[in-house]
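Read off the chains here:
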Amino acid sequence: MKPLYRSADIRAIEHAAAAELPEGELMRRAGRAAAAAAQRLLSSAAPHPGPADTFPDRAPALQRLQVRVLVLAGPGNNGGDALEAAAHLADAGISVTVLHSRPGNAQSPERAAAWRRAADSSARFEELSAPAVQTGDWQLVIDGLFGIGLARPIGGALRALVEAVNQLPCPVLALDVPSGLDADTGAIVGPDGIALRASHTITFIGDKPGLHTNEGRDHAGIVEVAHLDIDPALLPTAELQLNRLELFARHLHARRHSGHKGTYGNVAVIGGATGMRGAPILSARAALHAGAGRVYVLFPEDPLPADSGQPELMCRLAEGYDFGQATLAIGPGLGDSATAADLLARAIASQGPLLVDADALNLLAHTPALQRALASRGATAEPTQHALQAARLLDASATAVLTPHPLEAARLLGLSVAAVQADRVAAARTLAARLQAVVVLKGSGTVIAAPGGDCVINPTGNPALATAGTGDVLSGLCAALLAQGCPPWPAALAAVWLHGAAADELAASGVGPIGMTAGELIPAIRAGINRLARLNLVR
Ligand SMILES: NC(=O)C1=CN([C@@H]2O[C@H](COP(=O)(O)OP(=O)(O)OC[C@H]3O[C@@H](n4cnc5c(N)ncnc54)[C@H](O)[C@@H]3O)[C@@H](O)[C@H]2O)[C@@H](O)CC1
Ligand SMILES: [K+]
């Protein structure tokens, strides 16, 4: 499990752990772990390391070339961690400059002790200021300005200082959380706040959701967790975790020689109003390449005779098609006509697996009766094999999967996009509970929530996905997994993970992040599914 803890949980764990340890022990451990991470970063790339792909896992002996490290130490215990780290680095012969808040009367005893240790070392001390940042030729900056105690936006002189750090070309190691970022939500603490952009973050005690969603990925960089040797018994069961293969791989079955196209299910993508024909085609192509046995494209009017680029797809008028025959993915390019609304009502009333995307989500937002029908769908549906499997896992009622982007989620919730983004986890959970569906809230650090409250943040994917059609590909992929018998929750987790991993592969090989097209994702997704099978993770 890769649990994610909110700040309130971290404080409770910290409190319980500290009660069993000598005063300041956790801060000393945090400082040691931070110094070790800093040395690994310095050693892995000299003389001017850039952001690496992973946290280096060992520290070759540091050459005594004049390595200059800038340490920012704020007024609280995050600053205490930084002072501990500064003392360790100075003791290792590294040239350390500490920019610090003057210790006030309010500082904790453990920060005071860390301050004395750093003051007794060879580290140089200066006041926190932007010019002090700009004058040095730093190989590394350590950010110990603010951690989980940030209570208001960073402003005034500190804002200028953060701006100056964000201009530096060297790696930046954030302690616990990049200063200015809300560790729970990944939002920049505002209004009009700023956050420091780190290349690496070493986070203490447990991983935190805000490092992985919203602004988190752009500000935290590569994240390492330092557990500080806390007794695992003190860690509560996390309701929130990072997505990973173990959560879904067992639901994707390897193929038997005796299988036929009927074994792998039918997908019907419903959408493609005039002028939007490409959207369901992309979705359907993705479903085909993700292994669905037969794939239909059902148009609200004037059906295309065929997809000349993918003649395997069967193009029909939606009206005459029996919705009970397939897993439905409704919404790509569907439009907002009365016919579209009727098709959505029919899809919700059908009893098979259902995915609701794009225009269908907007229709849903405008039609409370359809929302009620969707919410009661799981309760009234016959207990299909899917539902029974899901019941064992999580939630029998989660028969539908919804894939909103933040604007669609905002319309469904009656909120602004900013309010959704201010707490993506809460928004996804609220929608999942309200509509009794698995909700995939797309964006950097896609959040997947189940009606019962379980919630996962996806770590794969990159800005290559910020292009038209990638959402259509995701819905087709997810529908194909549903059609092959995967229950809604693992299907959503698998689809989001595979979709992001395909984009990562393409970006690594130069097909992106700039200029990757949604269509290019499809063969990469197919390769990803087959790679999982070859790794024998799929049974
Ligand atoms: N207490 C412990 O046992 C441990 C604490 N740890 C560290 O302690 C951190 C939390 O420490 P704190 O609770 O002291 O919080 P922080 O160090 O994050 O910040 C709190 C301080 O910043 C001030 N402040 C908040 N927002 C400000 C703003 N916008 N502008 C100026 N000043 C602002 C507050 O008045 C307070 O003095 C964690 O993130 C972690 O780094 C770790 O050392 C692990 C152990
Ligand atoms: K920090």
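These numbers come from a predicted model, not from an experiment. (Residues numbered from 1 in each chain as written. Chains lettered and ligands numbered in written order. Predicted model: local features only at pLDDT ≥ 70, side-chain atom pairs only at ≥ 80, totals over all residues.)

**Let's talk about helix H17 (residues 488-508)**
Here comes step 1: Counted at 1.5 Å a residue, the expected span for H17 with its 21 residues is 30 Å, and the 30 Å between its end C-alpha atoms agrees.
Here comes step 2: Counting buried residues along H17, 18 of its 21 residues qualify, which places the element largely inside the surrounding structure.
Here comes step 3: Gly510, located one to two residues past H17, shows a positive phi value of around 95 degrees. (Helix = DSSP H or I, 4+ residues; strand = E, 2+ residues; numbered from the N terminus. Expected span 1.5 Å × (residues − 1). Buried ≥ 20, exposed ≤ 12 C-beta atoms within 10 Å, placed from the backbone.)

**Here's the deal with the site of ligand 1**
Here comes step 1: Around ligand 1, 25 residues are found, and the nearest of them are Gly76, Asn77, Asn78, Gly147 and Gly149.
Here comes step 2: Elements with a contribution of two residues or more to the shell around ligand 1: helix H1 (7-19), helix H2 (25-44) and helix H3 (77-91).
Here comes step 3: Counting residues per element, the shell around ligand 1 draws most heavily on H3, which supplies four residues.
Here comes step 4: Of the residues belonging to the shell around ligand 1, the class tally is 14 nonpolar, seven polar and four charged. (Near = placed C-beta within 6 Å. Nonpolar A, V, L, I, M, F, W, Y, C, P; charged D, E, K, R; others polar.)

**Topic: the environment of Ile205**
Here comes step 1: Residue placement: Ile205 occurs in the loop between strand S6 (200-204) and helix H7 (216-220).
Here comes step 2: Between the alpha carbons of Ile205 and Leu370 there is a distance of 44 Å; along the sequence they are 165 residues apart.
Here comes step 3: The residues touching Ile205, leaving out its near neighbours within four places in the chain, are Ile10, Ile13, Glu14, His227, Leu228 and Ile230. (Contact = placed C-beta atoms within 7 Å.)

**As for the confidence of the model for the chain**
Here comes step 1: On average, residues of the chain score 92 in pLDDT, and 92% of them reach the 70 mark or higher.
Here comes step 2: pLDDT under 50 marks residues 47-51. Its contacts with residues more than four places away, or in other chains, come to 12 contacts.
Here comes step 3: Low confidence marks residues 381-398, where pLDDT is under 50. Its contacts with residues over four positions away, or in another chain, come to 42 contacts.
Here comes step 4: Across the interface, the model reports ipTM at 0.97; the global pTM reads 0.93. (pLDDT = per-residue confidence, 0-100.)

**Regarding the pairing of strand S12 (residues 327-330)**
Here comes step 1: Burial along S12 is two-sided: the face carrying Thr327 and Ala329 and the face carrying Leu328 and Ile330 are both buried.
Here comes step 2: Relative to S12, strand S9 (residues 266-270) runs parallel, the two sharing four bridges. The residue bridging Val269 from the neighbouring strand is Ala329, located in S12.
Here comes step 3: Summarising the sheet, S12 and strand S13 (residues 354-356) pair through three bridges and their orientation is parallel. Across the sheet, Ala329 pairs through a bridge with Leu355, a residue of S13. (Pairing = 2+ DSSP bridges.)

**Details of the nonpolar core**
Here comes step 1: Core analysis: the biggest nonpolar cluster contains 174 residues, and Ala38, Ala86, Ile142, Ala287 and Leu477 have the highest contact counts within it.
Here comes step 2: The dominant element in this core, judged by the number of residues it contributes, is H17, at 13 residues.
Here comes step 3: Looking at which domains feed residues into this core, each of domain 1 (7-238) and domain 2 (245-534) supplies at least three.
Here comes step 4: Excluding its chain neighbours within four sequence positions, the residues that come into contact with Ala287 are Val267, Val269, Ala292, Val295, Gly476, Leu477, Ala479 and Ala480. (Core = buried A, V, L, I, M, F, W, Y, C linked by C-beta atoms within 7 Å. Domains from an automatic or database assignment.)

**A few points about the sheet that holds S13**
Here comes step 1: Taking strand neighbours across the sheet as the criterion, the 10 strands line up as S8-S17-S16-S15-S14-S13-S12-S9-S10-S11 in an open arrangement whose pairing is mixed. Each edge of the open sheet is held by one strand with a lone partner, namely strand S8 (240-242) and strand S11 (314-317). Ignoring strand direction, the axes of neighbouring strands in this sheet form an average angle of 20 degrees.
Here comes step 2: Relative to strand S14 (residues 400-402), S13 runs parallel, the two being bridged by three bridges. Across the sheet, the residue bridging to Leu354 is Ala400, located in S14.
Here comes step 3: Contacts from helix H15 (residues 424-435) reach S8, S14, strand S15 (438-441), strand S16 (447-449) and strand S17 (455-457), with the element oriented near 150 degrees to S15.
Here comes step 4: Running over the sheet, helix H16 (residues 470-483) touches S9, S12, S13 and S14 and is turned about 165 degrees from S12. (Axes fitted to C-alpha atoms, helices over the stretch in contact; angles between N-to-C directions.)

**A look at the environment of Val401**
Here comes step 1: As for its placement among the helices and strands, Val401 is situated in strand S14.
Here comes step 2: The sequence separation of Val401 and Asp357 amounts to 44 residues, and the corresponding C-alpha distance is 8.6 Å.
Here comes step 3: Excluding its chain neighbours within four sequence positions, the residues that come into contact with Val401 are Leu355, Ala437, Val438, Val440, Cys478, Pro488, Ala491 and Ala492.

**Description of the packing of helix H9 (residues 338-349) against helix H10 (residues 358-366)**
Here comes step 1: One way to put it is that H9 packs onto H10 with a least axis distance of 10 Å and a crossing angle of 90 degrees. Considering the angle they form, H9 stands roughly perpendicular to H10. Along the contact surface, H9 presents Ala340, Ala341 and Leu344, while H10 presents Asp359, Ala360, Leu363 and Leu364.
Here comes step 2: For the contact of H9 with H10, the residue count by class is six nonpolar, no polar and one charged. (Parallel < 35°, antiparallel > 145°, perpendicular 65-115°, else oblique.)

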